Structure formats: C-alpha cells, structure tokens
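Working through the structure, step by step
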Amino acid sequence: GKTYDYLFKLLLIGDSGVGKTCVLFRFSEDHFNSTFISTIGIDFKIRTIDLDGKKVKLQIWYSEIHDQHCKKTLYFSAHHILLVLHLTFIRFFSQSNADFKHSQHASSDVEKMVLGNKCDMTEKRQVSKEQGERLAIEYGIKFMETSAKQSLNVEEAFFTLARSIKAKMDNKMVSGSDSPHSNMTTIHVKASVKKTGFFGRFCSIL
Ligand code: GTP
C-alpha cells in the first residue's frame, strides 16, 4: 500500500558550488562530505518526514540549470523551489536573483524558499543577514541561513517548506476549489530510463 499521505516534489537550484549537494546529503543522510561531490549522475533523493501526524514524502531533485528551456519548464511545473545561495559570494545578487525573478511567473501553487548556505563561514561572508532578509521580503518568500557543514537549519528549512506546502494544499482541499491531488503528480521515473543526460531525462518526464 501507499507509505505516505503526501508527496511533494522539490527542486534545489543554485549556482555551482553553493552547496546544493551538501545540503541535500545533510538532509537525506545526515552526513557531510567535505570533498567535492559532483552533481552529475544524481537525479533525486527521497526522505519521508512526519508532519503533524502525516507522512510526507519529499522527493528532492537538484541541479545546476543552464538550459533555458529546461529552466522554464521547471519553473512552470509542479516542483516547489529551494534556491540555494552562498553567503560568501557576491553573485548572490546577480544570476541567482535573475533566475528567481523568472520563477515568480510560476503558478501560485509553487512554494519557494531561499537558503543562504555556508553561514558557518562567518569571516568570509559578503551577504549580511539583513540583505538576505530584505531580498526575501522583496520577493515575498521565506529565507533561512543554513550550514550543511555544521548541520544548522537544514532540517528546519525543509520542514518549514514542507509545512507551508501542506498548509496550502490543505487549504485548497477545504475550499474545494481544485482537485485535492493536483499537487501529487505521479512521477514516471524508472531506474532503467535511458541515460540521455540529466536534463534530457528530467524534461522528458515533466
Ligand atoms: P554543483 O554540483 O557544482 O552544482 O555544486 P553544489 O551546489 O552541489 O555544491 P556542493 O554541495 O558540491 O558544495 C561545494 C563546496 O562547498 C564543497 O567543497 C563543500 O564542502 C562546500 N560546502 C557546502 N556546504 C557548506 C557549508 O554549509 N559550509 C561550508 N563551510 N562549506 C560548505
């Protein structure tokens, strides 16, 4: 039978090196690997959490997205978005920002959150907590500072996001304005899927 009550698809995006892989490993395996882990070849990880007595299955995809078509497809799909930024790097206010603006066109069903990762690197940080918070307010999205290395706020971030997705869905069910299962899209991924590159595989299932 079904082992969960909800299935949420999350997408971790952000520039190379911000710590997407580490954040995901911390969350899914409570583990930090200080050596560089290449994202290539890994599609998603799953962790089921308990949220107010309900089993919530989080399917977390992650990628550094360059392909414009794929980017657009993702932003318009049912994936909720976790944008990972790096607090030690000035590009915080360039590309990632532009990408996120782009994602504002996505459906209002899509929940978004920004993680300011590597908050343990206090001496090197170039983005203040205030700047991060201001950005979040400007876009009306949640912002949390995390450290995958020190296991700070990673758990909290995923739970916060999952809780707001669930609240939104529960609200919808109550108001009956939409199908209660509209966000629980089944994903048709098989281990045997032909390896045509991450984006090829990803786009083909959307
Ligand atoms: P791509 O695979 O290129 O997209 O990068 P990524 O975003 O997945 O980054 P990754 O998780 O591989 O981390 C990049 C580097 O940052 C690694 O050397 C990690 O050890 C380091 N790193 C990740 N998270 C943290 C953190 O919270 N604190 C510190 N100090 N270093 C971190």
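Use the structure listed above.
Residues numbered from 1 in each chain as written. Predicted model: local features only at pLDDT ≥ 70, side-chain atom pairs only at ≥ 80, totals over all residues. Heavy atoms only, no water.

**Looking at the overall build of the chain**
Stated formally: Numbering of helices and strands runs from the N terminus, with a helix taken as a DSSP run of H or I at least four residues long and a strand as a DSSP run of E at least two residues long. Remark: exposure states derive from per-residue accessible area (1.4 Å probe, protein chains only) relative to the maximum for the residue type, with buried under 20%, exposed over 50%, and partly exposed in between. By definition in these notes, contact holds between two residues if any of their heavy atoms fall within 4.5 Å. Only the protein chains shown count as cover for residues, and all accessible areas are computed by the Shrake-Rupley method using a 1.4 Å probe.
If you tally the helices and strands in the chain, you get six helices and six strands. The secondary structure elements of the chain, listed N-terminal to C-terminal, are β-α-β-β-α-β-α-β-α-β-α-α. Buried positions account for 47% of the 206 residues belonging to the chain. Long-range pairs, those at least 24 residues apart, make up 74% of the contacts in the chain with a sequence separation of at least 6. Summed over all atoms, the accessible surface of the chain reaches about 10500 Å², with 52% contributed by carbon and sulfur.

**Regarding the packing of aromatic side chains**
Quick reminder of the rule: Two rings from Phe, Tyr or Trp (for Trp, the six-membered ring) form a pair when their centres sit within 6.5 Å of each other. Planes less than 30 degrees apart are called stacked, planes more than 60 degrees apart edge-to-face, and all others tilted. Charge over a ring is defined by NZ of Lys or CZ of Arg lying within 6 Å of the ring centre and within 35 degrees of the ring normal.
The tally for this structure, following the rule as stated, stands at two aromatic pairs. On the numbers, 5.7 Å between centres and 55° between planes, the contact of Tyr6 with Phe8 is tilted. Take Tyr6 and Phe8: they sit in the same class, and that class is buried. The ring centre of Phe25 lies 4.9 Å from the NZ or CZ of Lys45, which sits over that ring. The ring of Phe27 carries the charged tip of Arg47 above its face, separated from the ring centre by 4.4 Å.

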